[in-house]
Amino acid sequence: MPKEARPSTGEQAKQHALAQLRQAILHGEMAPAQRLVENELAEQFGVTRASIRAALIDLEAQGLVERIRNRGSRVRVVTVEEAVAITECRMVLEGLCAAKAAVAASDEQLAELTGLGTAMTKAVADGEPVTYSELNQELHAKVREFSGQRTAVDLLERLNAQLVRHRFQLALRPGRPQHSLNEHLAMIEAIRARDPQAAEAAVRAHLTSVIEALRD
């Protein structure tokens, strides 16, 4: 949004700052433990310090920002053990979504999942881990969407946002895409077979593997 068209105060300004900060954190443009200086951010986004402060409070509630006593705010550092705990919660919710998707997805949606599986296979064969990681996230997002389980989707969006740094590190680990590809293909196949129990089991197997990789 051009600066001149952007509100500098009020709820709209807070929402603008919130969206920009959240995107920067999720895209890795702001690293864990990076200080978030209100004056600098206010100038960068063309809003007031009050708008930045309100946005940081919201991001703290989302688990993306933490306030350090007498030092202000910083991008939250998620430890390996926290990442494992978050992934354990994901296992339950994503397993539910996969089971629901196996029942609720249309034939067109199942074809989308098949196409993603083909693209992921190609990315691994071509040695493109970043592309594979992006397709991986798209696959999980589609399964959530096709499940129609809005409550689980909302909870997962919050949980997944906290795992950005760990997810990126795993994606670049040598051999990791090859290892996880078959797990994702098994998820797709179970959903396509409209077998909710198998779909849930495939998700749990995949995320168990993620936890093992996080602890490595």
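Note: the structure precedes this text.
Structural notes, computed from the coordinates.

**Concerning the overall build of the protein**
Here is step 1 of the chain: Scanning the protein for helices and strands turns up 10 helices and three strands.
Here is step 2 of the chain: The order of helices and strands in the protein, counted from the N terminus, is α-β-α-α-β-β-α-α-α-α-α-α-α.
Here is step 3 of the chain: Once the C-alpha set of the protein is aligned to its principal axes, its extents read approximately 55 × 35 × 30 Å.
Here is step 4 of the chain: Taken across its 216 residues, the protein has 44% of its residues classed as buried.
Here is step 5 of the chain: Taking contacts inside the protein between residues at least 6 apart in sequence as the whole, the part at least 24 apart equals 75%.
Here is step 6 of the chain: Accessible surface, the protein as shown: approximately 11,300 Å² in total, 52% of it carbon and sulfur.
Here is step 7 of the chain: Computed over 27 positive and 29 negative side-chain charges, the inter-centroid distance for the protein is 7 Å.

**A closer look at the pattern of salt bridges**
Any two side chains of opposite charge can pair, on the condition that their charged atoms come close.
Here is step 1 of the chain: Taken as a whole and assessed by the stated rule, the structure comprises 16 salt bridges.
Here is step 2 of the chain: Several salt bridges share partner residues, and in doing so they unite Glu11, Lys14 and Asp58 into one network.

**Quick notes on the sheet that holds strand β1 (residues 35-36)**
Here is step 1 of the chain: Overall, antiparallel pairing links the three strands, which are arranged β1-β3-β2 in an open sheet. Only two strands of the sheet have a single partner each, and these edge strands are β1 and β2 (65-68).
Here is step 2 of the chain: Pairing of β1 with strand β3 (residues 72-75), which is carried by two bridges, proceeds in the antiparallel orientation. From the neighbouring strand, Leu36 faces β3, where its bridge partner is Ser73.

**Things to note about the packing of helix α9 (residues 176-192) against helix α10 (residues 196-215)**
Here is step 1 of the chain: Two elements in contact, α9 and α10, have axes separated by 7 Å at closest approach and are oriented at 165°. Considering the angle they form, α9 stands roughly antiparallel to α10. With respect to the hand of their crossing, α9 and α10 are arranged in left-handed fashion. Taking contact as the criterion, the partners of Arg176, His179, Ser180, Glu183, His184, Ala186, Met187, Ala190 and Ile191 in α9 are, on α10, Ala198, Ala199, Ala202, Val203, His206, Ser209, Val210 and Ala213.
Here is step 2 of the chain: Residue classes in the contact of α9 with α10 are distributed as 10 nonpolar, five polar and two charged.

**Examining the side chain of Arg90**
Here is step 1 of the chain: In this structure, Arg90 sits in helix α4 (residues 80-104).
Here is step 2 of the chain: Residue classification places Arg90 among the buried residues on the basis of a relative accessible area of 10%.
Here is step 3 of the chain: Look past the residues within four positions of Arg90 in its chain and what remains in contact with it is Gly95, His140, Leu156, Leu159, Asn160, Leu163 and Leu207.

**Observations concerning α9**
Here is step 1 of the chain: The terminal C-alpha atoms of α9 lie 25 Å apart, and with 17 residues this matches the ideal 24 Å at 1.5 Å per residue to within 8%.
Here is step 2 of the chain: Taken residue by residue, α9 has Arg176, Pro177, Ser180, Leu181, Glu183, His184, Met187, Ile188, Ala190 and Ile191 as its buried positions.
Here is step 3 of the chain: In this structure, the buried side of α9 is in contact with α4, α5 (107-125), α6 (129-147), α8 (164-171) and α10.
Here is step 4 of the chain: Arg194 occupies a position one or two residues after α9 and carries a positive phi of about 55°.

**Side note on the packing of α5 against α6**
Here is step 1 of the chain: Running from amino to carboxyl end, α5 crosses α6 at an angle of 165°, the nearest separation of the two axes being 9 Å. If you check the angle between α5 and α6, you find them roughly antiparallel. When the axes of α5 and α6 are compared, the crossing they make is left-handed. Residues Gln109, Glu112, Leu113, Leu116, Ala119, Met120, Ala123 and Val124 of α5 form the contact with α6, whose participating residues are Thr131, Tyr132, Leu135, Asn136, Glu138, Leu139, Lys142, Val143 and Phe146.
Here is step 2 of the chain: Of the residues contributing to the contact of α5 with α6, the split by class is 11 nonpolar, three polar and three charged.

Thresholds applied
Residues numbered from 1 in each chain as written. Predicted model: local features only at pLDDT ≥ 70, side-chain atom pairs only at ≥ 80, totals over all residues. Heavy atoms only, no water. Helix = DSSP H or I, 4+ residues; strand = E, 2+ residues; numbered from the N terminus. Buried < 20%, exposed > 50% of the residue type's maximum accessible area, 1.4 Å probe, protein only. Contact = heavy atoms within 4.5 Å. Areas by Shrake-Rupley, 256 points an atom, 1.4 Å probe, with all protein chains shown as cover. Lys, Arg positive; Asp, Glu negative; His and termini not counted. Charge placed at Lys NZ, Arg CZ, Asp CG, Glu CD. Salt bridge = Lys/Arg side-chain N within 4 Å of Asp/Glu carboxyl O. Pairing = 2+ DSSP bridges. Axes fitted to C-alpha atoms, helices over the stretch in contact; angles between N-to-C directions. Parallel < 35°, antiparallel > 145°, perpendicular 65-115°, else oblique. Left-handed = near helix turned anticlockwise from the far one by under 90°. Nonpolar A, V, L, I, M, F, W, Y, C, P; charged D, E, K, R; others polar. Expected span 1.5 Å × (residues − 1).

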